[in-house]
Amino acid sequence: MDELINDFIAETRDMAQALSGAIVAWEAAPGDRERLDEIFRFVHTVKGNCGFFDLPRLEQLSHAAEGALAEVRAGSRVADTALVNAVLAIIDRIGELVQALETGESLTSEDDEQLIAALSGPAVTGQAAEATAAPEPETKRSLRSIRLAVDLLDRMMNGVSDAVLARNELARRLRDAPRDVAVEAAFERVSACIAEIRDGITRTRMQRIDSLFSGLPRLVRDLAADLGKQVRLQADGGDVELDREMIEMIRDPLTHIVRNAIDHGIESPDERVAAGKKPAGTLKVSARQAGNQILIEVADDGRGIDGDALVRKARAAGLISAEQADRLSPAQKIALVFMPSLSTADAVTAISGRGVGMDVVRANIERIGGVVDVDSRPSQGVKLCIRVPLTLTIIPALTVSAGRQVFAVPRSAIDEILRVGAVRIDRVGAAEVATIRDRRLPLIGLSALLGIDCQTPREEQKLVLLKPAGGEVYALAVDAVHDHEELVVKPAAPAVMAAGLYAGTTLADDGSPILLLDPSGMAKRAGINFVENEIDRALHAGAAEAEAARETSLLLFRTLDGGRRAVPVAVVERIEDVAADAIAFGAGKLRVSIGGRILPLAGCASAPAEGKLRVLRLTDGAAEIAYGFAEVIDIRALVLDLQPAPAPGEIAGVALIDGAQVELIDTHWLFAQHADAGRDDAPAPICALPEGDPWIDNLLRPLIEGLGYRVARTGEAADIVIAREEDEVPADANVVRIRASAEGQGIHRYDRAALIGALAAAKGRGHG
Amino acid sequence: MAELLLIGRLAGRRVAFPAAKVEGVVELEGITPAPGAAAHVAGLSALRSRVLTVIDGLAALDLGRADEAAARGAIVVPCDGHTYALIVEEVEDVVEAAGPPAPLAAPVGAGWDRVALGTVEANGELFLLVDPFLLIAGPAAHAA
C-alpha cells in the first residue's frame, strides 16, 4: 500500500508540474479545448485515485474542480478569469496536499471550502458554445516509460564507471602481456559493450531541460500578475538534454534570473507604451548545446541595466573609488551587477529583493564549472547567458606533476598555461609574484605547497594560471604539464578531503590513483591575500592593454594548404571541430552549421570530403564567421612590422614572426566579405498577412521575410498589415492592399517593385 | 552462527577484526601519497579500478608510522561509501569466535583503548577485538 501511495504521490506531482504550462495556456485562450481536456483529465485522475486511497480532502477538491470543468466542457459555462483562478488555486492546493502527504506534515483544511466556493461562480449559458469552439487538432502520444528510483540510477552509473576503469586496467595489462589475437578480439568486444552501456546509462541520467522550463510559464504568469505587468514567455530548446544533477543545480539560478527580469527588467505596460514599445514585454528563455557545453539564454526586452546607477551604488557602498568609477567601460559597469550586495532596484521588493543577488547566482553557476555573462542595452533589454558543462561526474582536466607525482587540475579553472622562462618572477619576503603582461599575480609552487621534494629548477617549470570559482587569478608552478583528459571523478575519503586541497580522486589510464586539485582550496591553503579586487583587476588589465597598445596578440595557425597565417586573438571566439557533413555550399556561400547556427565558412574553397574540419570561430561582436584551418601554431604578442598586401583581400600583409613569413588576415575585409548581412539587432518590423491563403503563405511570405520583415503571429499587433481586396482591416491599421485581379484597388500581387515600394512607404508611415 | 574473525598482527600484537566489516585482504601495489591529508592516511592505492584510501594502522593508533618499504599487506574495509585499505603487519587467518566478545576489564594500552571493542576468544586464545572503522577515523577524531 505504501508503495502504491508513493507512486500516486510521484505521479500526481509530475502531472501537476507538466500541467502548469497547460493551465497558463488555457488561461490565455479559454476556448482551447485541448488544454481544458488536459486539465480535466488531471483532476479526474486525482479524484479517482483519492477514492481508492481514501483521501477525502483531495477527493473533495478534485471533485469540485472536475464538476466546474465539466460544465465548461459541456458548454454550460464560460472559462472566465475567476474560474481559471479558482481552478488554479485548487490545483495548487492539490500539490500542497500531495507534498504534505509525502513528508507526513498536516495541512489545515480551513480554506478548502473557500477554494471550492470560488469555483461556483455564476453559471452562464448561451455564449459558451462559441467560446469552446475551434480546438486545435494536436495529438500528443505519450512514450512508454517506467518509474525508477534515483539511487538505482546512481548505482548503475557508478557500476559503469567502475567497468570503464576496469577495462582500462585490463587494456594496460593486455599491452604488457604477450599478444594473443583471440584475447584481443574478445577484449575489443567487451570494450565496445561497455562503451555502449556507458552511453545508455549516461543518457538515463540526462533529462530534457523541459523539466526546468515547464515551471516557467506559471512562474512568469504569477509574477506578472503580482506586479501588474504583461509578460509573454517564449521558451525554446526544451528538448536539449542535460545531466539530471545539473538541472537541479541550475533551477534556482534560472528562477532567480527570470524573477529579476520580470521584476527589474520589464516595465509596466504604461511605461512601455510611453517608451514606444508594445504593452506586453517578452521574455525569451532558450537552451542549446554547443560542444560539451549547454548554453541557456534569458533575454528580456525591458529597460536594461542602468550601468550608471550600479556605479553610484557601488560608490555609495564603498566598493569602488571615484577614480575607478570614471575608468569603467560600459560593459564593466554592467558587470557590477555581479558584485556582492548590489541590487539595481531602489526598493527591496517581495519578488527579488530577498537578499539573494546576482553574485549568488554567479557563484552557484561557477561552482558547477559554469560561466554567466550579461549583456545589456539601455531600453532594449538584458541578455544573460549561462554556460554549463553537460555532466558533473566526468570532468575535463589537465594532468600536471609535482616531483614525480601526477595531479589533475579541472580545466574549467584554467586561464592559461605559460613557460616560466617567459615570465618575470619576484620574491617578496617569503612569497613569490609573477608578472605576466603587466599583471602581478601571486605564485604558488605546487611542490612546496604539498611538501613534495622537487628537483626541477623554477626556470624549467610551467605556470598554470588558475581562476577558481568566485576567486582571483593566481599562478601555480608545476614541474610538468602532461595532457588533457576526461576524468571520471569520485569524491575522496573524508580524511583526504580534510586537507582542503582536493576536489576528488580519479584513476589514470595506467591504473594509478590521481588526486584532483581544488583551485580555490589551494589558494586558501597558500594563504593568498588578494589585495586587488575584481574591479581593480579589470582596470589593471585595461591599463596594461593601453600600454601594450602597439602590441597585437596574434593566433598563429597553419592553413589547410600548409601556409602560416595569423589572426588577432581578440576576434577569435573559440576553436571547434566540425564534421564534414555539417559543411555545405548554400545560397552562394560555403556555410557550416555549428551549435544550431549557420555560419559562413571562410578559409577553405570546398567542403572536405570526409572527417572533421577544425574551424576558428571569429566574431566582430555581432556577426560570426567560421574559418577553416589545419592546426594552431602558437599565440604571440607582437609589435608587427607589416608589409602590406598590394590589393585589399583576405590577407592584409606579411610579417616576419620567428624568422618565418606569416600572412596576417584582414579581418575587416573578411567580415565585409563573408558575414551575413542584416543581422543587426534592431527588431524587424512586423507585418501581418491574411491567413489561410496558400498564395500568401507560399509566395508572398518568403518575399516579405526576405525583405527583413517578420510575419506577425495570429493576433499579434503588426506595424504593417497586408490585406487582400476582400479582407477587412482595423481603421487605424497601416495597410498595403494587394489584388489578384488585373484591375482594381491596390497593387497587383505580382508587381514586385510596387509592392516593395509600398511596404517601404508604409514602414516610413509607421515610424513617423 | 558464531562471528567470524580475521586475525592479524598490528603494532606487534595479534588482534581480531570482525570479518563482517572486512571485504578482503590485498597486497598493495604502490601507494600514491596524498599530501596534506590526515596523518594516519598513508596515501591512495588502486584495487580493481577502485581508489583505496590507505590507512597506516600504526599511525591510526598514534604509535608511529608503518615501514613504507616493508608493509604491503592490508585489509580492505568499506566504510561510508569509501573503500579503505588498512595496513597491517601480517594477516593470519579467518577463525570462528568461540563466544560473544567480552567488554574490556582494564585499559589495554596507549592507542589501543580507543579502537578496542573488547576481547574475544577463538581457537583457545584470547584476542583483542579491534574495530577497523575506529582505526579509519584516526586519532584526530578521538581528540575532537
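What counts as what
- Residues numbered from 1 in each chain as written.
- Chains lettered and ligands numbered in written order.
- Predicted model: local features only at pLDDT ≥ 70, side-chain atom pairs only at ≥ 80, totals over all residues.
- Helix = DSSP H or I, 4+ residues; strand = E, 2+ residues; numbered from the N terminus.
- Contact = placed C-beta atoms within 7 Å.
- Buried ≥ 20, exposed ≤ 12 C-beta atoms within 10 Å, placed from the backbone.
- Core = buried A, V, L, I, M, F, W, Y, C linked by C-beta atoms within 7 Å.
- Nonpolar A, V, L, I, M, F, W, Y, C, P; charged D, E, K, R; others polar.
- Pairing = 2+ DSSP bridges.
- Axes fitted to C-alpha atoms, helices over the stretch in contact; angles between N-to-C directions.
- Parallel < 35°, antiparallel > 145°, perpendicular 65-115°, else oblique.
- Left-handed = near helix turned anticlockwise from the far one by under 90°.
- Expected span 1.5 Å × (residues − 1).
- Arc of directions from axis to C-beta.
- pLDDT = per-residue confidence, 0-100.

1. Considerations on the overall build of chain B
Alright, step 1. When you go through chain B residue by residue, the secondary structure sums to three helices and 10 strands.
Alright, step 2. The helix and strand sequence of chain B, counted from the amino end, reads β-β-β-β-β-α-β-β-β-α-β-β-α.
Alright, step 3. Restricting the contact set of chain B to residue pairs at least 6 apart, pairs at least 24 apart contribute 54%.

2. Quick look at the overall build of chain A
Alright, step 1. When its secondary structure is counted, chain A shows 23 helices and 35 strands.
Alright, step 2. For chain A, the residues scored as buried account for 32% of the 768 residues in total.
Alright, step 3. Contacts in chain A between residues at least 24 apart in sequence constitute 64% of all its contacts with a sequence separation of at least 6.

3. Some details on the nonpolar core
Alright, step 1. With 90 residues, the main nonpolar core has A:Leu476, A:Leu517, B:Ala16, B:Val54, B:Ile55 and B:Leu86 as its most contacted residues.
Alright, step 2. Apart from the residues within four sequence positions on either side, A:Leu517 is in contact with A:Phe407, A:Ala408, A:Val409, A:Leu501, A:Tyr502, A:Ala503 and A:Met522.
Alright, step 3. By size, the runner-up hydrophobic cluster in this structure holds 47 residues, among which are A:Leu242, A:Ile320, A:Val372 and A:Val388.

4. Focus on the interface of chain A and chain B
The figure often quoted for interface size is the accessible area lost as the parts come together.
Alright, step 1. Opposite the 21 residues of chain A that make contact, chain B presents 20 residues.
Alright, step 2. Taken together, the elements giving at least two residues each to the side of chain A that touches chain B come down to α7 (150–176), α18 (494–497), β17 (502–507) and β18 (513–517) of chain A.
Alright, step 3. The element that contributes the greatest number of residues to the side of chain A that touches chain B is α7(A), accounting for four residues.
Alright, step 4. Split by residue class, the side of chain A that touches chain B holds 13 nonpolar, five polar and three charged.

5. What about the sheet that holds strand β31 (residues 686–688) of chain A?
Residue and element names in this part refer to chain A.
Alright, step 1. Spatially, β32-β31-β33-β34-β35 is the arrangement adopted by the five strands of the open sheet, whose pairing is parallel. Among the strands making up the open sheet, the edge pair consists of β32 (710–711) and β35 (747–748).
Alright, step 2. Sheet topology note: the β31/strand β33 (residues 720–724) ladder contains two bridges and is parallel. Along β33, the bridge assignment pairs Cys687 with Ile720.

6. Observations concerning the packing of helix α3 (residues 56–74) of chain A against helix α4 (residues 81–103) of chain A
All names here are of chain A.
Alright, step 1. Between α3 and α4, the shortest axis-to-axis distance is 10 Å and the interhelical angle comes to 155 degrees. Compared by their axis directions, α3 and α4 come out roughly antiparallel. Considering only the axes of α3 and α4, their crossing is left-handed. Counting all contacts with α3, which are made through Arg57, Leu58, Leu61, Ser62, Ala64, Ala65, Ala68 and Leu69, the residues of α4 involved are Leu83, Val87, Ile90, Arg93, Ile94 and Leu97.
Alright, step 2. Class assignment of the residues belonging to the contact of α3 with α4 gives a composition of 11 nonpolar, one polar and two charged.

7. Topic: α4(A)
Alright, step 1. Taking 1.5 Å per residue, 23 residues should reach 33 Å; α4(A) reaches 33 Å between its end C-alpha atoms and fits that length.
Alright, step 2. Turning to α4(A), its buried residues are A:Leu83, A:Ala86, A:Val87, A:Leu88, A:Ile90, A:Ile91, A:Arg93, A:Ile94, A:Leu97 and A:Val98.

8. Thoughts on helix α13 (residues 307–316) of chain A
Residue and element names in this part refer to chain A.
Alright, step 1. Within α13, the full set of buried residues consists of Gly307, Leu310, Val311, Lys313 and Ala314. Down the axis of α13, the buried set is contained in an arc of 160 degrees. They therefore lie on one face. Exposed side of α13, more than 90 degrees from the buried face: Arg312 and Ala316 are the residues found there.
Alright, step 2. Downstream of α13 by one or two residues, Gly318 has phi in the positive range, about 75 degrees.

9. So, unusual backbone geometry
Alright, step 1. Backbone geometry at A:Ser379 places phi at a positive 60 degrees, although glycine is not the residue there.
Alright, step 2. Note on A:Ser379: 13 C-beta atoms within 10 Å, which makes it partly exposed.
Alright, step 3. Positive phi is not limited to glycine here, since B:Asn123 has a value of about 50 degrees.
Alright, step 4. Position of B:Asn123 relative to the elements: it lies in the loop between β9 (116–122) and β10 (125–130).

10. As for the confidence of the model for chain A
Low-pLDDT stretches of the model should not have their predicted coordinates read in fine detail.
Alright, step 1. Residue-level pLDDT values for chain A average 77, and 86% of them are 70 or greater.
Alright, step 2. Scored below 50 in pLDDT, residues 123–142 of chain A shows 27 contacts in the model against residues more than four places distant or in partner chains.

11. Looking at the sheet that holds strand β7 (residues 381–389) of chain A
Residues and elements named next belong to chain A.
Alright, step 1. If you trace the five strands from one edge of the open sheet to the other, you get β2-β4-β5-β7-β6, paired in mixed fashion. A strand with exactly one partner marks an edge of an open sheet, and here the two such strands are β2 (231–236) and β6 (371–377). Taking the axes of each pair of neighbouring strands and ignoring which way they run, one obtains an average angle of 10 degrees across the sheet.
Alright, step 2. Across seven bridges, β6 lies against β7 in antiparallel orientation. By the bridge assignment, Ser376 is partnered in β7 with Val382.

12. So, the pairing of strand β15 (residues 474–478) of chain A
Residues and elements named next belong to chain A.
Alright, step 1. Of all five residues in β15, five are buried; the element is thus mostly enclosed.
Alright, step 2. Burial of the side chains of β15 extends over both faces: Tyr474, Leu476 and Val478 are buried on one face and Ala475 and Ala477 on the other.
Alright, step 3. In this sheet, β15 lies alongside strand β13 (residues 439–445) in parallel orientation, the contact comprising three bridges. Bridged to Gly445 within β15 is Ala477.
Alright, step 4. Bridge count for strand β14 (residues 462–466) against β15 is five bridges, and the pairing is antiparallel. Residue pairing across strands places Val464 opposite Leu476, the latter belonging to β15.

13. Here we look at the packing of α3(A) against helix α5 (residues 112–119) of chain A
Residues and elements named next belong to chain A.
Alright, step 1. Axis separation between α3 and α5 bottoms out at 9 Å; the angle between their running directions is 10 degrees. Overall, the two elements α3 and α5 adopt an arrangement that is roughly parallel. Contact residues: α3 offers Arg57, Gln60, Leu61, Ala64, Ala65 and Ala68, while α5 offers Asp112, Leu115, Ile116 and Leu119.

14. A word on the pairing of strand β1 (residues 4–10) of chain B
Residue and element names in this part refer to chain B.
Alright, step 1. Taken together, the six bridges between β1 and strand β8 (residues 90–96) define a ladder with antiparallel strand orientation. Residue pairing in the sheet places Leu4 in a bridge with Glu96 of β8.
Alright, step 2. Pairing between β1 and strand β2 (residues 13–18): six bridges, direction antiparallel. Residue Gly8 lies in a different strand from β2, and its bridge partner there is Val15.
Alright, step 3. Between β1 and β2, which pair antiparallel and follow one another directly, the connecting turn spans two residues, one of which, Ala11, has a positive phi of 50 degrees.

15. Details of the environment of A:Ala413
All names here are of chain A.
Alright, step 1. Structurally, Ala413 can be placed in the loop between β9 (405–410) and β10 (414–419).
Alright, step 2. Remark: the alpha-carbon pair of Ala413 and Ser520, spanning 107 residues in sequence, is separated by 9.3 Å.
Alright, step 3. Ignoring anything within four residues of it in the chain, the contact list for Ala413 reads Leu466, Lys467, Pro468 and Pro519.

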